Amino acid sequence: MSKKTILSVLIIMFLGLCQGVSAQETSDSVLISTIKKNMQEHYKNGDTKAIITATKLMKALERQSDSLMAINKDLQLSERRTKAIANENAANVRMIKRVGTAALTLVAFLFVAIYANSRRVQLRKLREAYDKLEETTVAKERIESELRIAREIQMGMMPHYFPDNKNLDIYATITPAKEVSGDLYDFVSVEDKLYFCVGDVSGKGVPAALFMSMTARLFRALCKYKLSPKEIATSMNNELTQDNENGMFVTMFIGRLNLTTGVLDFCNAGHNPPILDGQFIEMEANAPLGLWENVVFEGQTLGDITGKQLFVYSDGLNEAENSEHDQYSEERLKRIVGKHLNDSSRQLIDLLEHDVEAHVAGATPHDDLTMLCIRKK
């Protein structure tokens, strides 16, 4: 109920009360009861002024209950006051409407001004952000382009032609976790011997890729001197420890297979033990390359391995994780390799690639993965 309606009802009630008093048809108790009832309605409607007016009237009736004339005078006074209040309220309503309209106009103007200013600020910030984004995008594209070129150069350093003849079955793959790799594989024939290696540089990204490139070049250069695997490891370590302020290192398996006798000489520099015909080879304890100067590496020799499957890999294979952080594991690797001893080198590696892919199930790789398989026929 609006204030004007309440005040109108109150005026009508007062007029009725005045008529009742003049005719002496309404008693004091009826008047008080009526006022209390109306006060309750005003309370429900939250009309404070009407409640105050009714309260005063009720008190006046109680004080002057012995004199109808006094009550009549009070009622008339209250009527005039109520009319005055009604007029005042009407004037207030008109003023509020005028002020409200002006205020609304001012608020609207201020809102538009603030919004326009905020919009200008937002647009300026948006332009600045866009410019920065454009610069960042150009820089990012340039870096990505350079990394693609670096990857092509890096992958080009490793052999991609795998001879498959009556004497040798060899195949290898490398899957970088990032744009460039810290893993490497290589093989080179020197007379009747096949030198080969698989390495895993500490760290990832560009620093590891640079260290990997240096390692690969050193390996290929030293093979030409017909050194034994342990001599190659010792010479590489001496070179890699020089000015190695970042403390980078590489684990590496270096092998030399005599293609005539089938004898395998090798040196394992802190790398994963390879699998020969389904069984892990027992390794001598050698340090990775690049950690300490003047380390003397120990070599090992296996007799004729003709017809046997030699599988060398980096730990990006056995430590490949799925989204639950379950690793592929050496046990699973050994089991699968053991079931496919008669597969060709490429068949085994293709099989393992698909099995690892199924295991990780789309999880982001955290390490490079390199595999090399050799069989002397």
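A brief look at the structure comes next. (Residues numbered from 1 in each chain as written. Predicted model: local features only at pLDDT ≥ 70, side-chain atom pairs only at ≥ 80, totals over all residues. Heavy atoms only, no water.)

Helix and strand counts for the protein come out as nine helices and 10 strands. Within the protein, contacts between residues separated by at least 24 positions form 71% of all contacts whose residues are at least 6 apart in sequence. When the accessible area of the protein is evaluated, it comes to approximately 21,300 Å², of which 54% is carbon and sulfur surface. (Helix = DSSP H or I, 4+ residues; strand = E, 2+ residues; numbered from the N terminus. Contact = heavy atoms within 4.5 Å. Areas by Shrake-Rupley, 256 points an atom, 1.4 Å probe, with all protein chains shown as cover.)

Before going further, it helps to examine the nonpolar core. General note: in soluble globular proteins, nonpolar side chains tend to be found buried as a group. Core analysis: the largest hydrophobic core is formed by 70 residues, its most contacted members being Phe196 and Phe311. A total of eight residues in this core trace back to one element, the largest contributor, which is helix H5 (residues 205-223). Excluding residues within four positions of it along the chain, phenylalanine 311 makes contact with Pro274, Ile275, Leu317, Leu333, Val337, Leu348, Ile349, Leu352, Met371, Leu372 and Cys373. (Core = buried A, V, L, I, M, F, W, Y, C linked by side-chain atoms within 4.5 Å. Buried < 20%, exposed > 50% of the residue type's maximum accessible area, 1.4 Å probe, protein only.)

This part takes up unusual backbone geometry. Comment: phi is negative for the bulk of residues other than glycine, and the bulk of peptide bonds are trans. One non-glycine residue, glutamate 191, adopts positive backbone phi at about 60°. You can see glutamate 191 is positioned in the loop between strand S2 (183-190) and strand S3 (193-201). Backbone geometry at asparagine 294 places phi at a positive 60°, although glycine is not the residue there. Along the chain, the position of asparagine 294 falls in the loop between strand S7 (279-280) and strand S8 (300-302).

Before going further, it helps to spend a moment on the pattern of salt bridges. Applying the stated criterion across every chain, the model contains six salt bridges. The salt bridge partner of aspartate 265 is arginine 256, with a shortest N-O separation of 3.0 Å. The class for aspartate 265 is buried, based on a relative accessible area of 16%. Among the residues examined, arginine 256 registers a relative accessible area of 14% and is labelled buried. Residues aspartate 355 and arginine 332 are paired through a salt bridge, measuring 3.2 Å at the closest nitrogen-oxygen approach. Of this pair, aspartate 355 sits in helix H9 (residues 345-360) while arginine 332 sits in helix H8 (residues 330-339), and the two are 23 residues apart along the sequence. (Salt bridge = Lys/Arg side-chain N within 4 Å of Asp/Glu carboxyl O.)

What follows is about the sheet that holds strand S1 (residues 168-175). Two strands in a sheet stick together by hydrogen bonds in their backbones, pointing the same way (parallel) or opposite ways (antiparallel). As summarised here, the arrangement of the five strands in space is S1-S10-S9-S6-S7, forming an open sheet in which the pairing is antiparallel. Where the open sheet ends on each side, the last strands, each with one partner, are S1 and S7. As judged from the two bridges shared by strand S6 (residues 275-276) and strand S9 (residues 309-313), these two strands associate in the antiparallel manner. From the neighbouring strand, leucine 276 faces S9, where its bridge partner is leucine 310. Contacts from H8 reach S6, S7 and S9, with the element oriented near 150° to S9. (Pairing = 2+ DSSP bridges. Axes fitted to C-alpha atoms, helices over the stretch in contact; angles between N-to-C directions.)

For H8, the complete set of buried residues consists of Leu333, Ile336 and Val337. Looking straight down H8, one finds that the buried residues subtend no more than 100° of arc, so they occupy a single side. Among the exposed residues of H8, those oriented more than 90 degrees off its buried face are Glu331 and Lys339. Those residues of H8 that are buried lie in contact with S6, S9, helix H7 (315-318) and H9. (Arc of directions from axis to C-beta.)

Turning to the pairing of strand S10 (residues 369-376), a few remarks are in order. Counting buried positions over the eight residues of S10 gives eight, a clear majority of the element. Of the two faces of S10, the one lined by Leu369, Met371, Cys373 and Arg375 and the one lined by Thr370, Leu372, Ile374 and Lys376 are each fully buried. Here five bridges tie S9 to S10, and the two strands are oriented antiparallel to one another. Bridged to valine 312 within S10 is leucine 372.

What follows deals with the side chain of asparagine 286. Residue position: asparagine 286 is located in the loop between S7 and S8. The contacts of asparagine 286, once residues within four sequence positions are left out, are Cys267, Asn268, Ala269, Gly270, Phe297 and Glu298.

Turning next to the packing of aromatic side chains. Applying the stated criterion across every chain yields a total of five aromatic pairs. For the ring pair phenylalanine 162 and phenylalanine 187, a centre distance of 5.8 Å and an interplane angle of 35° mean the geometry is tilted. Here phenylalanine 162 is found in the loop between helix H4 (68-156) and S1, whereas its partner phenylalanine 187 is found in strand S2, with 25 residues between them in sequence. Just as phenylalanine 162 is buried, phenylalanine 187 falls in that class too. (Phe/Tyr/Trp six-rings, centres within 6.5 Å; stacked < 30°, edge-to-face > 60°.)

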